[in-house]
Every structure is written in structure tokens, then in C-alpha cells.
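What follows is the residue order along each chain.
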Amino acid sequence: ADCRYTCHQECRSLIQLDCRRPGQCQSQLSPESTLVPPCCQNVTQTVEEEKPEPPTVQEIKQKIEKYNAKVTNCLLMKLNDDGTYTGFIKVHLKLRRPVTVPAGIRPQSIYDALKEVNLAEMTDKRTSFYLPLDAVKQLHISSTTTVSEVIQGLLKKFMVVDNPQKFALFKEMRKDGQVLFQKLPLTEYPLYLRLLAGPDTDVLSFVLKENETGEVEWDAFSIPELQNFLMILDKEEKDKIQQVHKKYERFKQRLQQTLKEARGKPG
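Throughout, residues of each chain are indexed from 1 in the direction in which the sequence is written. A pLDDT threshold of at least 70 governs which residues receive local features in this predicted model, and a stricter bar of 80 or more applies before side-chain atom pairs are shown or counted, although totals over entire chains, interfaces and linings include all residues. The side-chain numbers reported here are obtained from all heavy atoms of the structure, hydrogens and water having been left aside.

Participant: What is the right way to look at the layout of surface pockets in this model?
Facilitator: To find leftover empty space, one rolls a probe the size of a water molecule over the atoms. Cavity: a set of points on a 1 Å grid over the protein atoms alone where a 1.4 Å probe fits but cannot get out. Pocket: an open set with protein on both sides within 12 Å along at least five of seven lines, its lining residues, like those of a cavity, having an atom within 4 Å of a point. Grid points are joined across faces, edges and corners, and a volume is the space filled by probe spheres set on the points. Here the second largest pocket is characterised by a volume of approximately 450 Å³. Forming the boundary of the second largest pocket are 15 residues, of which Pro 54, Pro 55, Glu 188, Tyr 189 and Tyr 192 lie nearest the centre. Here the residues of the lining of the second largest pocket sort into 8 nonpolar, 5 polar and 2 charged. Three classes are used, and their members are as follows: Ala, Val, Leu, Ile, Met, Phe, Trp, Tyr, Cys and Pro are nonpolar, Asp, Glu, Lys and Arg are charged, and the others, Gly among them, are polar.

Participant: Can you walk me through the packing of helix H2 (residues 57-70) against helix H5 (residues 190-197) in this structure?
Facilitator: How two helices sit against one another is set out by the angle between their axes and by the gap between those axes. With axes taken as lines fitted to C-alpha atoms, and helix axes fitted only over the stretch in contact, angles between N-to-C directions fall between 0 and 180 degrees. Each helix is a run of H or I in the DSSP string that is no shorter than four residues. Each strand is a run of E no shorter than two, and both are numbered from the N terminus. For the pair H2 and H5, the least separation of the axes is 9 Å and the interaxial angle reads 65 degrees. Where H2 crosses over H5, the handedness of that crossing is left-handed. Note on element contacts: H5 touches H2 through Tyr 192, Arg 194, Leu 195 and Leu 196, opposite Ile 60, Lys 63, Ile 64 and Tyr 67. A class-by-class count of the residues in the contact of H2 with H5 yields 6 nonpolar, no polar and 2 charged. Less than a right angle of anticlockwise turn of the near helix away from the far helix marks a crossing as left-handed, whereas a clockwise turn marks it as right-handed. Here a residue-residue contact requires only that any non-hydrogen atoms of the pair lie within 4.5 Å.

Participant: Please clarify how the packing of aromatic side chains should be interpreted in this entry.
Facilitator: Here a ring pair, both rings aromatic, is described through the centre-centre distance and the interplanar angle of the planes. Each pair of aromatic rings taken from Phe, Tyr and Trp, with Trp reduced to its six-membered ring, is defined by centres within 6.5 Å and is described as stacked if the planes are under 30 degrees apart, edge-to-face if over 60, and tilted in the remaining cases. Taken as a whole and judged by the stated rule, the model has 0 aromatic pairs. Our definition puts a charge over a ring when NZ of Lys or CZ of Arg is within 6 Å of the ring centre and also within 35 degrees of the ring normal. Lys 137 extends its terminal NZ or CZ atom over the ring of Phe 158, reaching a point 5.9 Å from the ring centre. Above the face of the Phe 170 ring, Lys 209 is positioned so that its terminal group lies 5.2 Å from the ring centre.

Participant: Hey, could you run me through the pairing of strand S9 (residues 178-183) in this one?
Facilitator: Within a regular beta strand, the side chains point alternately toward one face of the sheet and then the other, so they alternate between its two faces. Two strands are counted as paired when DSSP detects at least two bridges linking them. For strand S8 (residues 167-175) and S9, the ladder comprises 6 bridges, and the chain directions are antiparallel. Residue pairing for S9: Phe 170 is matched across the bridge by Lys 183. In this structure, the hairpin formed by S8 and S9 is closed by a connection of 2 residues, where Asp 176 is found at a positive phi of approximately 55 degrees.

Participant: In this structure, what is going on with empty space enclosed by the protein? I would like to understand it.
Facilitator: In this structure the tally under the stated criterion is 1 cavity of 30 Å³ or more. Residue lining of the largest cavity: Leu 93, Leu 95, Leu 131, Leu 154, Leu 155, Phe 158, Val 160 and Leu 208, and that is the complete set. Each residue belonging to the lining of the largest cavity can be placed in one class, and the counts come to 8 nonpolar, no polar and no charged.

Participant: Mind showing me how you'd approach the pattern of salt bridges here?
Facilitator: Pairing of side chains with opposite charge becomes possible as their charged atoms draw close. Within this document, salt bridges are pairs made up of a side-chain nitrogen of Lys or Arg and a carboxyl oxygen of Asp or Glu, the two lying within 4 Å of each other. Applying the stated rule across the entire model yields 6 salt bridges. Residues Glu 172 and Lys 94 are paired through a salt bridge, measuring 3.5 Å at the closest nitrogen-oxygen approach. You can see Glu 172 sitting in strand S8 and its partner Lys 94 sitting in the loop between strand S4 (85-93) and strand S5 (99-102), a full 78 residues away along the chain. Throughout this description, buried means an accessible area under 20% of the type-specific maximum (1.4 Å probe, protein chains only), exposed means over 50%, and partly exposed covers the range between. By relative accessible area, Glu 172 is classed as buried at 5%.

Participant: Would you explain H5 in this entry?
Facilitator: Taken together, the buried positions of H5 are Pro 190, Leu 191, Leu 193, Arg 194 and Leu 195. The secondary structure elements touched by the buried residues of H5 are H2, S4, strand S7 (135-142), helix H4 (147-157), S8 and strand S10 (204-210). Looking one or two places after H5, you find Gly 198, whose phi comes out positive at around 90 degrees.

Participant: Honestly, the side chain of Ser 143 in this entry has me stumped. Any pointers?
Facilitator: Mapped onto the elements, Ser 143 comes out in the loop between S7 and H4. Judged by its relative accessible area of 11%, Ser 143 falls in the buried class.

Participant: Before we go on, may I ask you to explain the nonpolar core in this structure?
Facilitator: A general tendency of soluble globular proteins is for nonpolar side chains to be buried together. The biggest cluster of nonpolar side chains holds 30 residues, and the ones touching the most others in it are Ile 89, Val 91, Phe 167, Leu 169, Phe 206 and Leu 208. Listing elements by their share of this core, those giving two or more residues are H2, S4, S5, S7, H4, S8, H5 and S10. Here this core gets 5 residues from one element, more than from any other, and that element is H4. Remark: nonpolar core denotes a set of buried residues (Ala, Val, Leu, Ile, Met, Phe, Trp, Tyr, Cys) joined through side-chain atoms within 4.5 Å.

Participant: Any chance you could explain H4 here in plain terms?
Facilitator: Along an α-helix, residues three or four apart share an orientation, since each turn contains 3.6 residues. If you check which residues of H4 are buried, you get Val 147, Val 150, Ile 151, Leu 154 and Leu 155. The arc that holds the buried residues of H4, viewed along the axis, is 130 degrees, so those residues lie on one side. Buried residues along H4 sit against S4, S7, S8, H5 and S10. The directions considered for the arc run from the helix axis to the C-beta atoms.

Participant: I tried to follow a nonpolar patch on the surface on my own but got confused; where do I start?
Facilitator: Each patch is built from salt-bridge-free residues with over 30% relative accessible area, joining like charges within 9 Å and nonpolar side chains (Val, Leu, Ile, Met, Phe, Trp, Tyr) within 5 Å. Where accessible areas are quoted, they stem from the Shrake-Rupley method and a 1.4 Å probe; at the residue level, only the protein chains shown are allowed to cover. The grouping of Val 244, Tyr 248, Phe 251 and Leu 255 at the surface amounts to a nonpolar patch, some 400 Å² of accessible area in total. Relative to the assigned elements, Val 244 resides in helix H6 (residues 223-263). A relative accessible area of 43% means that Val 244 is categorised as partly exposed.

Participant: Can you walk me through the environment of Tyr 130 in this structure?
Facilitator: Note on placement: Tyr 130 falls in the loop between strand S6 (126-129) and S7. Relative accessible area serves as the criterion here: at 43%, Tyr 130 is assigned to the partly exposed category. What Tyr 130 contacts, discounting residues up to four positions off in sequence, is Arg 96, Arg 97, Pro 98 and Ile 232.

By themselves, these observations are geometric and do not establish any function.
Here it is as C-alpha cells:
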């Protein structure tokens with residue numbers, strides 16, 4: 001009341017005030033704490049951001065009908081009796097780094113998928129593999145399927161044993177001739193985004209990329225993974241050096257050719 005100290009509601013328990021002026025607050029301080037009682041504190045109340053109301057079943061039904069009317073490849077969305085719905089999304093794989101996969105096992109069959117057999121658990125041998133750049137994988141998911149589950153499902157389909165936290169799902173949008181990427185939170189629902197955007201992938205598409213959050217937590221990797229990273233970095237370094245050598249060699253050849261042609265000309 002005297003010093004007009006202001007803090008957030010959540011910070012109240014962390015604040016200690018040494019009140020030196022007599023007054024109502026001073027008289028109400030307890031021996032155990034020097035916190036100003038709530039009646040005397042000027043506390044800024046946290047205003048929660050209003051979240052949009054979830055769509056009703058009728059609204060979802062209308063959106064699905066509008067969506068299906070634009071579909072040209074038979075990949076329709078279907079509304080269930082419980083209000084959930086299912087549909088398809090396409091995910092572009094744009095991974096610049098190799099992934100870790102089991103070594104020496106056969107490819108996964110339809111029988112394995114139906115029986116949910118995890119072939120990666122049948123061997124401890126690991127190898128590195130570059131997934132085809134910009135490959136496209138089609139997934140049949142539900143409206144309750146989260147981004148986290150989509151990432152895990154993609155890794156399982158390709159038998160990737162890397163930590164799912166090393167990957168992130170992005171939405172790719174085109175606006176004013178520019179391509180924009182936005183990282184999706186793990187709790188987002190991709191099928192709902194697909195429904196809102198419509199079936200046109202030029203408006204919205206999904207991309208799986210490395211989860212580059214800035215500082216790398218090397219402690220999260222195993223020794224074989226770290227050794228594999230060193231091999232990859234060494235290979236990339238040699239490739240870069242070779243590219244630079246080729247670039248300057250071509251430049252040198254053009255200069256020599258120009259000088260050779262210039263010798264026969266006057267001036």
C-alpha cells in the first residue's frame with residue numbers, strides 16, 4: 001500500500017518486501033514471512049487469452065462437405081458418429097541429415113503392419129541411411145491425431161530408430177509468391193488444419209524436417225550416434241572442399257582460355 005509494489009499473481013509467493021514505513025500492511029505481516037498481505041498488494045491479474053470455441057458437429061459436417069466437394073483424387077474425409085472424422089494428409093520429407101535404421105533386416109510387410117510387429121527391435125545393429133529428399137508419404141489419420149503422433153508414425157513406417165524429438169512437423173504456405181514455413185506444436189491436429197485449408201496442397205502442405213531449436217543437446221545422443229555425426233561432418237567437409245576446388249579450377253581454366261585468346265589480338 002505504501003511502496004505501490006506491483007507483481008504478477010504467479011510471482012506473489014516469490015516476492016519478499018522489507019516494509020519500513022508504518023501502516024496497515026506492516027501491522028499485518030506474519031513473523032514467518034515478510035510478504036505483504038493480499039489486501040495491501042497491488043497485484044496485476046493475469047488475463048488469459050481467449051481461445052476460440054471448438055466447432056460444433058454441425059459446423060464440422062458442413063466443413064467436411066465443402067472439403068469433399070473440392071476433392072479430385074477420391075481422398076475424402078469421413079465424419080464418424082462420435083463427432084470425430086478421418087482423412088488423409090501428405091507429408092513431404094525434407095531431411096538433410098541421415099537417419100538411423102536397423103541393419104540387416106527385411107523390409108516391413110503388410111502382415112507386420114497389421115500385427116504391429118516392430119522389426120527395429122529384432123536387432124541391435126544400426127546403420128545410417130539418407131531418406132530420398134522431398135519424398136512424399138501419405139497418411140490416413142483421425143481428427144484426434146496430434147503432430148507428435150504423426151511424427152512417430154512416419155518414423156515407424158521408415159523404421160527410423162532416432163529419437164522423435166530430433167524431428168519437427170512444419171506447415172508450408174505460399175503467400176505473395178513466397179514460401180513460408182511454420183513449426184507446428186506437438187499438440188496441434190494436422191487433419192483439422194487440412195480441413196480448414198481445403199485439399200489444395202498449394203495452399204497448405206506438411207513437411208517433416210530436422211528439429212533445429214538452436215543449441216544442440218549432445219548429451220541426448222548415444223556414443224554410436226555421436227561417432228556417426230563425426231563421420232558425417234567429415235564427409236560434408238570433404239565434399240565442400242572438393243566443391244571449392246572445382247569452382248576455382250573452372251575459374252582458372254576460363255582465365256587461362258581468355259588470356260590465350262587475348263595474346264593473338266592487338267592491344
